[in-house]
Amino acid sequence: MDGNGRWAQRRSLPRTAGHQAAETTVIDIIEAARAAGVEWLSLYAFSTENWSRPGTEVDFLMGLVRRVVRKHAPLLLARGIRCRFLGVVDSRVPRELAQDFEDLATLTADNRGMTLTVAFDHGGRRDIVEAARSLIRSRTPADEVTEQLFADHLPFPDTPDVDLVIRTSGEQRISNFMLWQVAYAEWVFPEALWPDFRAPDFLACLHTYRRRDRRFGGVPPRTMGDPS
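A brief structural summary. Quantities reported herein were computed from a predicted structural model and do not represent experimental measurements.

**Some points on the environment of Thr 108**
And then number 1: The topology assignment puts Thr 108 in the loop between α4 (95-107) and β3 (114-122).
And then number 2: With residues near it in sequence (within four places) discarded, Thr 108 still touches Leu 77, Ile 81, Arg 82 and Cys 83.

Take a look at the structure:
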């Protein structure tokens, strides 16, 4: 969800105004994904690298996210959306916010309409390192480590591999997001800044994805055995 700061700067507003404006987009996209039949939606809200931002901005984000979570919990429950939070291990995450995350996850645990994963204080490299540590602690012999076994030691191992990554504002970077799971994801980079991104933009990205020829390193069946 990229471009909040630039959205605010273009309007001669503080960066925090962009984060506030992003709330509307978050709810709009959740609703659009659910209506489109998306079963798994992940939103990258705060990365491990975002701790390097000015303290005032970080503090504002922590308070804003807490208000958003508490405000929209009834809607998420009513829509049958299961909410999970990926990350949230740094001691700098306010205890009250971490508790709100836990409460929302518990509240919606039995929902099956869609799984919404919010990546907060998340880093793909950290997840991979922690999975390796978990395997070492379990004394798993090196020869027994497979890709599936490794994936089973990642957070939320039931999460399927990512099919589509949408990064707004035209930026074309992975930014340490779910590195294991995006190995064969399709990517779309809409130019809209996140606060301006709406359901029609999201649906356009889904349409682009559906037109992609996903070969996962192979070739189309019609060219099998054809050296040309």
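Read on for the rest.
**As for the packing of aromatic side chains**
And then number 1: What the rule picks out here adds up to nine aromatic pairs.
And then number 2: An angle of 55 degrees between the planes, with centres 5.7 Å apart, marks the rings of Tyr 184 and Phe 216 as tilted. Remark: Phe 216 occurs in the segment after α7 (199-211) and Tyr 184 occurs in the loop between β4 (164-166) and β5 (186-188); sequence separation between them is 32 residues.
And then number 3: Aromatic ring contacts, followed pair by pair, group Phe 46, Trp 51, Phe 85, Phe 101 and Phe 120 into a single cluster.
And then number 4: When the ring centre of Phe 156 is taken as origin, the NZ or CZ atom of Arg 84, which lies over that ring, is 4.3 Å away.

**Examining the nonpolar core**
And then number 1: Residues Ile 30, Leu 41, Leu 116, Phe 120 and Phe 202 are the most contacted members of the largest nonpolar core, which totals 39 residues.
And then number 2: Counting residues per element, the ones that place at least two in this core are α2 (15-35), β1 (40-47), α3 (55-78), β2 (81-87), α4, β3 and α7.
And then number 3: For Leu 116, the residues in contact, after removing those within four places along its chain, are Ile 30, Leu 41, Leu 43, Leu 76, Ile 81, Arg 82, Cys 83 and Arg 84.
And then number 4: If you look at the next biggest cluster of nonpolar residues, it comprises nine residues, including Ala 119, Val 165, Phe 177 and Ala 185.

**Things to note about unusual backbone geometry**
As a rule of thumb, non-glycine residues mostly have phi less than zero, and peptide bonds are mostly trans rather than cis.
And then number 1: One non-glycine residue, Val 88, lies in positive phi territory at about 55 degrees.
And then number 2: Relative to the elements of secondary structure, Val 88 occurs in the loop between β2 and α4.
And then number 3: Judged by its relative accessible area of 21%, Val 88 is partly exposed.
And then number 4: With a phi close to 40 degrees, Met 178 is a non-glycine residue in the positive phi region.
And then number 5: Along the polypeptide, Met 178 turns up in the loop between β4 and β5.
And then number 6: A relative accessible area of 4% means that Met 178 is categorised as buried.

**A few points about the side chain of Thr 115**
And then number 1: Relative to the elements of secondary structure, Thr 115 occurs in strand β3.
And then number 2: The contacts of Thr 115, once residues within four sequence positions are left out, are Glu 39, Trp 40, Leu 41, Arg 82 and Arg 84.

**Observations concerning the packing of α3 against α4**
And then number 1: With their axes 10 Å apart at the nearest point, α3 and α4 run at an angle of 15 degrees to one another. Relative to α4, the element α3 lies roughly parallel. The handedness of the crossing between α3 and α4 comes out as left-handed. Two secondary-structure elements touch here, α3 through Met 62, Val 65, Arg 66, Val 69, Arg 70, Ala 73, Leu 76 and Leu 77 and α4 through Glu 96, Leu 97, Asp 100, Phe 101, Leu 104 and Leu 107.
And then number 2: In terms of residue class, the contact of α3 with α4 is built from ten nonpolar, no polar and four charged.

**Quick word on α7**
And then number 1: Look at α7: 19 Å from first C-alpha to last across 13 residues, which is about the 18 Å you get at 1.5 Å a residue.
And then number 2: When α7 is considered as a whole, its buried residues turn out to be Ala 199, Phe 202, Cys 205, Leu 206 and Tyr 209. Mapping the buried residues of α7 onto a view down its axis gives an arc of 120 degrees, with all of them on the same face. Seen from the open side of α7, the exposed residues pointing more than 90 degrees away from its buried face are Pro 200 and Arg 211.

**Here's the deal with the pairing of β3**
And then number 1: With nine of nine residues buried, β3 is to be regarded as a mostly interior element.
And then number 2: Bridge analysis of β1 against β3 gives seven bridges, and the strand direction is parallel. Its bridge partner being in β3, Trp 40 is matched across the sheet by Thr 115.
And then number 3: Bridge count between β2 and β3: seven bridges; the pairing is parallel. Residue pairing for β3: Ile 81 is matched across the bridge by Met 114.
And then number 4: Taking the sense of rotation as the criterion, the β-α-β connection linking β2, α4 and β3 turns out left-handed.

Thresholds, definitions, all that
Residues numbered from 1 in each chain as written. Predicted model: local features only at pLDDT ≥ 70, side-chain atom pairs only at ≥ 80, totals over all residues. Heavy atoms only, no water. Helix = DSSP H or I, 4+ residues; strand = E, 2+ residues; numbered from the N terminus. Contact = heavy atoms within 4.5 Å. Phe/Tyr/Trp six-rings, centres within 6.5 Å; stacked < 30°, edge-to-face > 60°. Lys NZ or Arg CZ within 6 Å of the ring centre and 35° of its normal. Core = buried A, V, L, I, M, F, W, Y, C linked by side-chain atoms within 4.5 Å. Buried < 20%, exposed > 50% of the residue type's maximum accessible area, 1.4 Å probe, protein only. Axes fitted to C-alpha atoms, helices over the stretch in contact; angles between N-to-C directions. Parallel < 35°, antiparallel > 145°, perpendicular 65-115°, else oblique. Left-handed = near helix turned anticlockwise from the far one by under 90°. Nonpolar A, V, L, I, M, F, W, Y, C, P; charged D, E, K, R; others polar. Expected span 1.5 Å × (residues − 1). Arc of directions from axis to C-beta. Pairing = 2+ DSSP bridges. Right-handed = clockwise from strand over helix to strand, strands pointing away.

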